[in-house]
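Residue-level listing of the chains:
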Amino acid sequence: MLHDMTTLPPKAMTSPPVIIMRYHVIYIPWLLSYYVHHGLNLASYKSYDMKWHIYYTIIMNIQQRTIVEKFDRGDTNLRKLTISPEGTTIPSGYSQFHTSTNPKIWVRIGKALKSTTLTHLIIDLADEFNSQNTIRKLNAIALGLKKNRTIESIEFKHIHFEERFSQRFFVNISKFWLYNSEIRDISLSSCSMDYSSWLSFGYSIIKSCSLKRISFDDIAYNELDFVAVSPALQGSLIEFNTTNGRFGEYELEVLSKLWRIDGFTPDHLNFSNNDIDSSACRHLSLIMRSPKTLSLANNDIEDEGIESLFSCFDCNQYNYSRIQTIRQSRTYNGLTSLNLKSTNITDVSCDLLTKKVLMNKSFRLKQLILDDNGITNNGFGIIVGALFGNKHLSQLSISNTYVTTKGWDEMLKQLLCNVSSIDNTYLSNHCLEVCIPPKDYYTDSESGKMIMQMLQINTWSKKEVGRITPLSYPSLSLLTPSYTKENYKIKPEGIAGAQKVLLSHLVNLYQRHESYILSIEDEEDDDDKMIPYVFEWMSFNMNLNNSLLVANVFYHICKHKCHLFEIAQT
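Let me begin by describing the structure that accompanies this report.

Quick notes on the rules
- Residues numbered from 1 in each chain as written.
- Predicted model: local features only at pLDDT ≥ 70, side-chain atom pairs only at ≥ 80, totals over all residues.
- Heavy atoms only, no water.
- Helix = DSSP H or I, 4+ residues; strand = E, 2+ residues; numbered from the N terminus.
- Buried < 20%, exposed > 50% of the residue type's maximum accessible area, 1.4 Å probe, protein only.
- Contact = heavy atoms within 4.5 Å.
- Areas by Shrake-Rupley, 256 points an atom, 1.4 Å probe, with all protein chains shown as cover.
- Patch = residues over 30% accessible without salt bridge, like charges linked within 9 Å, V, L, I, M, F, W, Y side chains within 5 Å.
- Salt bridge = Lys/Arg side-chain N within 4 Å of Asp/Glu carboxyl O.
- Lys, Arg positive; Asp, Glu negative; His and termini not counted.
- Charge placed at Lys NZ, Arg CZ, Asp CG, Glu CD.
- Axes fitted to C-alpha atoms, helices over the stretch in contact; angles between N-to-C directions.
- Left-handed = near helix turned anticlockwise from the far one by under 90°.
- Nonpolar A, V, L, I, M, F, W, Y, C, P; charged D, E, K, R; others polar.
- Parallel < 35°, antiparallel > 145°, perpendicular 65-115°, else oblique.

**As for the overall build of the chain**
- In terms of regular secondary structure, the chain is built from 25 helices and 17 strands.
- Within the chain, buried positions represent 48% of all 570 residues.
- Long-range contacts, defined here as pairs at least 24 residues apart, represent 78% of the contacts in the chain between residues at least 6 apart.
- If you sum the accessible surface of the chain, you get close to 28,600 Å²; carbon and sulfur atoms cover 53% of it.

Have a look at this one:
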């Protein structure tokens, strides 16, 4: 039975009608009468793809129909799309198009990719186990994908690629890499390829001049497969990730040779969860001057691997200055992040890392991850000693090791806040912002709470220093006679040091029920006479929210003018 025209939604009255099929009967006479009723001529009738309209209405479900409608009207809000089976967890911000067994739907969605506003696309075929069906679906997607010019990131998941005869997906979309200047990222996750696919894949993506990031996750390949795709890993690539695979010594040897030839080692390397051992680290050491971030987590490296990793850093096996000339605009700033989680290292590696990284001026390491290793208090103490003069490391993670609360207590006393004197407190480490100790240490111990407070002071000082600008304070010359508007500058270390001095040498005394009494015995002491004006100036600046300046004043009072105060028991 056909619904009355008045029951159709308003949009259906101004666009080709929704065909309703019941008992497998299509009411063609009614369809023709609809066109006659609305005065549509024969030309407009032919211009409308009636065949697709029937498929669109009858075959697609509501979810698929909604996505296609957005494609048809060029919805600019549709920026991220995943084509995946129903029930698949999708990333935040993505729309989902449910996969189908009908090839017509794949052709339709493939053609829709030709001219869209999509920037991110994920293709997941986890529900397809027939290789012939996989090839047909990929070729349907290639119809429009090869003409797409807006996609910036594309990811393939749970797909078995086979390049044979005329059905070659990567060959068919080669123009996508060549002419799409927006593409930046490509990822393969839990996919498999035959040798021909690796060749086609490498040949296709090497044409891209804008590709910056390549990621392989849970990908099985042998030595020949990796050699086939390795040329695509050269050039202007900034990030390369290969995780949860069999990436090992042979693959690292191939990459180190390629990257040493062209001088363009990616800035960010992630080799987590692979087969990298101490022998493989020898090849990686040859390119250690170039990457900014390196992750070797969950590899059986051991202490020998750490020694091999940095063994060639100071040697001149090849001309580094020539490589820097080739790299041109890509300035080397040194390794900034090193992830050695679960690599079976011990205290021996702590000594190696201290000498070759933390105390090496060529490195500006900001993040060091040493979780899940055999490090004890001795090794941790070596690292703490190296961080006393380190001005770069801001994040240290060393949980699930053999470091006890004794080691962490020593870190607080010797590194973050040395309360033995005002000078030692002021010169403590003020760069460390994040430190991950054993679980519940921050909440279950007083030392943990104090460490957290010191880290918060370090973080706060770096954020607040940007708000301070040179100002003309008439009274400022009372405290800093050499003050000028040009040379006055507050540094984060000074702010953090002043805060820790206040916390350790003033507040604690007050909490012990002691009070400060102004000493005015020496009437001729200019400093004594100046104290009321100093307090007045500090009060004025507190009202102006210049608490950082006031904190520094307190530090100078504690350090240089301690004779102005006497401690009296109450």
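**Description of the environment of phenylalanine 247**
- Take phenylalanine 247: it is sitting in the loop between strand E9 (239–243) and helix H12 (249–262).
- For the pair phenylalanine 247 and asparagine 222, spaced 25 residues apart in sequence, the C-alpha separation works out to 9.1 Å.

**Some words on a positive patch on the surface**
- Taken together, the side chains of Lys114, Lys147, Arg149 and Lys175 present a region of like positive charge at the surface.
- Turning to its location among the elements, lysine 175 is positioned in helix H9 (residues 174–179).

**Overview of the pattern of salt bridges**
- Taken as a whole and judged by the stated rule, the model has eight salt bridges.
- Measuring nitrogen to oxygen at the nearest pair gives 3.4 Å for the salt bridge that ties glutamate 253 to lysine 257. Of this pair, glutamate 253 and lysine 257 are both found in helix H12, four residues apart, which corresponds to roughly one turn of the helix.
- Ionic pairing is found between lysine 462 and glutamate 433, a salt bridge with its closest N-O pair at 2.9 Å. With lysine 462 in helix H21 (residues 446–464) and glutamate 433 in the loop between helix H19 (422–426) and strand E15 (434–436), the pair connects residues that are 29 residues apart, well separated along the chain.
- When its relative accessible area of 24% is taken as the criterion, glutamate 433 is described as partly exposed.

**Here we look at the side chain of threonine 242**
- Here threonine 242 is to be found in strand E9.
- With near-sequence residues (within four places) excluded, threonine 242 lies in contact with Phe216, Tyr221, Phe247, Asn270, Phe271, Ser272 and Asn274.

**Observations concerning the packing of helix H18 (residues 405–416) against H21**
- Interhelical geometry of H18 versus H21 gives an angle of 35 degrees and a closest axis separation of 9 Å. The crossing of H18 and H21 is left-handed. Facing Trp408, Asp409, Leu412 and Leu416 of H18, the residues of H21 in contact are Ser447, Met450, Ile451, Met454, Leu455 and Asn458.
- Looking at side-chain class alone, the contact of H18 with H21 contains seven nonpolar, two polar and one charged residues.

**Focus: the packing of helix H13 (residues 278–285) against helix H14 (residues 302–309)**
- Two elements in contact, H13 and H14, have axes separated by 8 Å at closest approach and are oriented at 15 degrees. Classed by the angle they form, the pair H13 and H14 counts as roughly parallel. Seen from above, H13 lies across H14 with right-handed handedness. Note on element contacts: H14 touches H13 through Glu304, Gly305, Ser308 and Leu309, opposite Ser278, Cys281, Arg282, Leu284 and Ser285.
- A per-class count over the contact of H13 with H14 returns three nonpolar, four polar and two charged.

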